[in-house]
Amino acid sequence: MEKQNNQEYLTAVQAAFGADVLAHEEAFGMLNIEMTPNRIHDAIAWLQQHQDLSVNYLTNIAGVHYPEAVGREFAVVYQLHSWKNNLRLRIKGYLPKDNLHIATITDLFAGANWMERETYDFFGIIFDGHPDLRRILNMDDMDYFPMRKEYVLEDATREDKDDRFFGRNNNEL
Amino acid sequence: MSQEIKDILQAADPANVATINFGPTHPSTHGIFQNILKVDGEKIISSEQTVGYIHRAFEKLAERRPYNQITPITDRLNYCSSPINNIGWEMTVEKLIGVDIPKRVQYMRVIIMELARIADHLICNSVIGVDAGALTSFFYPFSEREKIYELYEEMSGARLTTNMGRIGGFERDFTPVFHQKLQSFLKTFPKAFEEFDSMLARNRIFMDRTKGAGPISAERALSYSFSGPNLRAAGVDYDVRAMNPYSSYEDFDFIIPVGVNGDTYDRFMVRQEEIRQSLRIIEQAYKNLPEGDYKADLPDFYLPPKADVYNNMEALIYHFKIVMGETELPVGEVYHAVEGGNGELGYYLISDGGRTPYRLQFRRPCFIYYQAYPEMIKGLPISDAVLTLSSINVIAGELDA
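Predicted model, so just to flag it, every value in this text is computed and none were measured. (Residues numbered from 1 in each chain as written. Chains lettered and ligands numbered in written order. Predicted model: local features only at pLDDT ≥ 70, side-chain atom pairs only at ≥ 80, totals over all residues.)

1. Some remarks on the overall build of chain B
Of regular secondary structure, chain B possesses 19 helices and 6 strands. Computed over C-alpha atoms, the radius of gyration of chain B comes to 22 Å, within 12% of the 21 Å expected from 2.2 N^0.38 for 401 residues, which places it in the range of a compact globule. With the principal axes as the frame, chain B shows a C-alpha extent of 80 × 45 × 35 Å. Of the contacts formed within chain B by residues at least 6 apart in sequence, a portion of 71% connects residues at least 24 apart. (Helix = DSSP H or I, 4+ residues; strand = E, 2+ residues; numbered from the N terminus. Rg over C-alpha atoms; globule rule 2.2 N^0.38 Å. Contact = placed C-beta atoms within 7 Å.)

Written out as structure tokens, the structure is:
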């Protein structure tokens, strides 16, 4: 069988999910697909079941915080791998900060359990249907989500490491 | 789950069930993590894990550090094979900035990374011996591992947390002492290793203890996103070095050993064979080591020699720009994976063009496969749980990041 490439993956996903594919790009050879968050579970299930696309391996799940993007402050990034085609792809969903809910994929990949717990622990993203969504690396009684950008790592009054001079504005978030 | 285990679980009388702590500081957890076990006599009915005791917020730290200062953080992930972590990170940055790395550097990296893999597997396998009651086989390979550390020391000045290499290559070329020590290592190691192997591999007591301890099927291992030797022991030949070759791995001839049952003995045997294969790779890379420079031409990232900084205007400017983090960086997202000691070690880097990563996530194989541990030890005696824990090689630094 011919190995499928990024374009064929994109066409197949677009054909199956139509308007739920919001954006796509190829970054450093890896296909990125942005989808409606509530369809991501179905898309991953479909990719996993598909005969030719055969996305059989969940590489990781990452959260990202973009505080300046209004209405899409949090991203959940699923990195998947199809061994049949030796192709990696990324599926992203953007969530608004007042509704951080997305369906769990623990029913598809057992390994998603801790990856989702870690994402919850760091960013506060709630994976609906997760069997045991608790903090994992931090203390249970921690009352904030430390990877969010408003929690700057260093003393904000320090001037010698001020990122404003280097084109990024961390201190005014 | 086999019928036998099901019977054990069903027969468990609530009155006989005891709850015990395995860890956080237990001699055979080899690191700080807790398992609360429910046991009926010797048999484990269920277990609950707590991790995060040495969580140091590496991903948060990385968001405030320039790229070259992130290398020392990666040391502290899997500290049994720090050079693989270091070089994996450097290659991620090189992928982002799109630079051609000289063939010599790639081969040098392969040699260092395979040395690290040997050291990593040696620790893991000798510790399996310890947990089965064989202390000699733990001390015996120590002297060999010591030689690998001396090689690290020659290349980086450090032994455990190596901060090996730089973005764009190495800090120095292989020194004459390195050449001499590597040659003598290649000569003496195989004999010492086979002696170590003969102590355990066909040892009746060791085999009886490890066969059937903590098995996992290929399907479950895949569902749990296992990688590395633990996945291969279950019979799946996934290896990043072969699947997505980096640093010229496609030039070398090596085989990927696989197991059948995914139990402790198979994990042990897979690691043993991987050590032999790593040695083969090192021999090939060293024999064919290309001529050339030990670093890429990358003045924006690679610190100039100190003598030049004092005498040469251009070098001074570059030095200043690198130290002050004024280098232009591309905007984008890269994922780069290397085959670490424990499996697919990935770096997911989002750059917004600033001097530090916007987001850096480590795909840490330990963290991902350790969640399968309760399933692997269900129905087994505690002594097997100990063996299983050491044979999946959970490294606390990598687990907790």
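2. Some points on the overall build of chain A
Check the secondary structure of chain A and you find 3 helices and 7 strands. Within chain A, buried positions represent 38% of all 173 residues. Taking contacts inside chain A between residues at least 6 apart in sequence as the whole, the part at least 24 apart equals 49%. (Buried ≥ 20, exposed ≤ 12 C-beta atoms within 10 Å, placed from the backbone.)

3. Re the domain arrangement of chain B
Residues and elements named next belong to chain B. Examined at the domain level, chain B breaks down into domain 1 (3-50) and domain 2 (58-400). Distance between the C-alpha centres of domain 1 and domain 2: 32 Å. Each side of the interface is counted separately: domain 1 has 16 residues, and domain 2 has 18 residues. Going through the elements one at a time, α1 (3-11) and β3 (43-50) are the ones with two or more residues in the side of domain 1 that touches domain 2. Take the side of domain 1 that touches domain 2: its biggest share by element is 5 residues, from β3. (Domains from an automatic or database assignment.)

4. Some points on helix α8 (residues 176-200) of chain B
Residue and element names in this part refer to chain B. For α8, built from 25 residues, the straight-helix expectation of 36 Å at 1.5 Å per residue is met to within 8% by its first-to-last C-alpha distance of 36 Å. When α8 is considered as a whole, its buried residues turn out to be Leu182, Phe185, Phe189, Phe196 and Leu200. Among the structural elements, α5 (103-131), α6 (136-139), α7 (142-156), α9 (204-210) and α13 (264-287) are those in contact with the buried residues of α8. (Expected span 1.5 Å × (residues − 1).)

5. Describing the nonpolar core
Of all hydrophobic cores here, the largest spans 147 residues; its most connected members are A:Leu80, A:Ile91, B:Ile112, B:Leu115 and B:Leu399. Counting the residues that make up this core, at least three belong to each of domain 1 (3-50) and domain 2 (58-400) of chain B. In contact with B:Leu115, other than residues within four places in its own chain, are B:Ile148, B:Leu151 and B:Ile282. (Core = buried A, V, L, I, M, F, W, Y, C linked by C-beta atoms within 7 Å.)

6. Remarks on the interface of chain B and chain A
On the chain A side, the residues contacting the 35 residues of chain B number 31 residues. Mapped onto the side of chain B that touches chain A, the elements with two or more residues apiece are α2 (58-62), α10 (218-223), β4 (331-339), β5 (344-352), β6 (359-363) and α16 (365-370) of chain B. Among the residues forming the side of chain B that touches chain A, the class breakdown is 13 nonpolar, 11 polar and 11 charged. (Nonpolar A, V, L, I, M, F, W, Y, C, P; charged D, E, K, R; others polar.)

7. A few points about the sheet that holds β3(B)
Residues and elements named next belong to chain B. If you walk across this open sheet you meet the 3 strands as β1-β2-β3, and the pairing is antiparallel. Where the open sheet ends on each side, the last strands, each with one partner, are β1 (17-22) and β3. Strand-to-strand twist of the sheet, defined as the mean angle between neighbouring strand axes without regard to direction, takes the value 20 degrees. With 6 bridges connecting them, β1 and strand β2 (residues 34-40) associate as antiparallel partners. Across the sheet, Phe22 pairs through a bridge with Asn35, a residue of β2. (Pairing = 2+ DSSP bridges. Axes fitted to C-alpha atoms, helices over the stretch in contact; angles between N-to-C directions.)

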